[in-house]
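Okay, here's what each chain looks like letter by letter:
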Amino acid sequence: MTSRIPLILSAFLVGAAPLGATDGSQPTTLTPAEAWQANPATQFDAGEVALEDFKWIARPVVIFADTPADPRFRQQIELLAARPEALADRDIVVITDTDPSARSDIRRKLRPRGFMLAIVGKDGGVKLRKPLPWDVREISRSIDKMPLRKQEIRDRRLTE
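Residues numbered from 1 in each chain as written. Predicted model: local features only at pLDDT ≥ 70, side-chain atom pairs only at ≥ 80, totals over all residues. Heavy atoms only, no water.

Points about the side chain of Arg 149
Item 1. By secondary structure assignment, the location of Arg 149 is in helix α6 (residues 147-159).
Item 2. Exposure remark for Arg 149: the relative accessible area of 3% places this residue in the buried category.
Item 3. Here Arg 149 is in contact with Arg 59, Asp 89, Arg 90, Ile 143, Asp 144 and Arg 156, once residues within four sequence places are set aside. (Helix = DSSP H or I, 4+ residues; strand = E, 2+ residues; numbered from the N terminus. Buried < 20%, exposed > 50% of the residue type's maximum accessible area, 1.4 Å probe, protein only. Contact = heavy atoms within 4.5 Å.)

As structure tokens, this is what we get:
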């Protein structure tokens, strides 16, 4: 699974952008899921993606705040950036929303009040909501208890 581990930690703090072709042809526009698969450290803005973009592909962890300057938001981003390999191992895609006035589809669906961390399963269902930052270990433990994740672990053991 080392191919999914991001090489540059700073890329975790950069939003998704279409990847350009390297052969001189027209730039290629990737879907959000394809961009995430190319670089699991990619962080998306909630206004640019939908939860459905990642259904059965990744587990969105959505971080809401009323402003990017919110200390809880900054702490949460730092906590996630500290262990990108654990996020990649669990197929976690990070989505942020720090603009309540933009009224993104994800914000309308999850209805946060101030800071909120939400874990969404691969099936698209909201699995957990937290009003305070969580470190990657806590997020990982929560995900590892999910039935689909348990199945993924069993399947991995059989193929090793």
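What about the pattern of salt bridges?
Item 1. According to the stated counting rule, one finds 14 salt bridges in the structure shown.
Item 2. Salt-bridge contacts for Asp 70 lead to Arg 72; the nearest nitrogen and oxygen are separated by 3.1 Å.
Item 3. Residue classification places Asp 70 among the buried residues on the basis of a relative accessible area of 9%.
Item 4. Measuring nitrogen to oxygen at the nearest pair gives 2.3 Å for the salt bridge that ties Asp 105 to Arg 108. Pair noted here: Asp 105 and Arg 108 are both in helix α4 (residues 105-110), with a separation of 3 residues, about one helical turn.
Item 5. For Asp 105, a relative accessible area of 51% corresponds to the exposed category. (Salt bridge = Lys/Arg side-chain N within 4 Å of Asp/Glu carboxyl O.)

Structural notes on the pairing of strand β2 (residues 59-64)
Item 1. Counted residue by residue, β2 has 6 buried out of 6 residues, so it is predominantly covered.
Item 2. Neither face of β2 is left uncovered, since the one carrying Arg 59, Val 61 and Ile 63 and the one carrying Pro 60, Val 62 and Phe 64 both have all their residues buried.
Item 3. Pairing geometry for β2 and strand β3 (residues 92-97), over 6 bridges, is parallel. Note on β3: the bridge partner recorded for Phe 64 is Asp 97.
Item 4. Note: β2 against strand β4 (residues 116-120), 4 bridges, orientation antiparallel. In the strand pairing of β4, Val 62 is matched with Ala 118. (Pairing = 2+ DSSP bridges.)

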